[in-house]
Amino acid sequence: MGEIVNLRIARKRKARAEAAVQADANRAKHGRTRAQRDADAREATRRDAVLDGARREPK
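In what follows, the accompanying structure is described.

About the criteria used
- The residue numbers shown here count from 1 along each chain, following its written sequence.
- Restriction of local features to residues with pLDDT of at least 70 applies here, the model being predicted, together with a cutoff of 80 or more for giving and counting side-chain atom pairs; totals for whole chains, interfaces and linings are based on all residues.
- Side-chain metrics in this entry use all non-hydrogen atoms of the structure; hydrogen atoms and water are not considered.
- In this text, helices come from DSSP runs of H or I with a minimum length of four residues, and strands from runs of E with a minimum of two, each type numbered from the N-terminal end.
- By this rule, a helix spans an expected 1.5 Å times one less than how many residues it contains.
- Here a polar contact means two N or O atoms within 3.5 Å. Within protein one must be a hydrogen donor candidate and the other an acceptor candidate, and residues neighboring in sequence count only if both atoms are side-chain atoms.
- Within this document, salt bridges are pairs made up of a side-chain nitrogen of Lys or Arg and a carboxyl oxygen of Asp or Glu, the two lying within 4 Å of each other.
- When accessible area is computed with a 1.4 Å probe and restricted to protein chains, residues below 20% of their type maximum are described as buried, those above 50% as exposed, and intermediate ones as partly exposed.

Take helix H1 (residues 7–30) next. For H1, built from 24 residues, the straight-helix expectation of 34 Å at 1.5 Å per residue is met to within 8% by its first-to-last C-alpha distance of 34 Å. With a side-chain oxygen positioned 3.1 Å from the backbone nitrogen of arginine 8, the residue opening H1 is asparagine 6. One or two positions beyond H1, positive phi appears at glycine 31, with a value near 45°.

Another point: the pattern of salt bridges. This model, assessed by the stated rule, comprises 4 salt bridges. Note that glutamate 43 is salt-bridged to arginine 46, the shortest N-O span being 2.8 Å. Of this pair, glutamate 43 and arginine 46 both sit in helix H2 (residues 34–53), 3 residues apart, which is roughly one turn of the helix. Given the relative accessible area of 33%, glutamate 43 is considered partly exposed. Under the relative-accessibility criterion, arginine 46 is labelled partly exposed at 45%.

Structure representation (structure tokens):
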């Protein structure tokens, strides 16, 4: 005789596995961490401040 399987739990496990695969695909697709985005934003702000400080004429 085979092993008894609770179908509700099996469906939930399958759904979790599919969600994990989709999450991996999304991470690969969008591929940047929050720390990387924040670092780029800080760098852009710093770069803009340096450029504004080097202006010859005010805006």
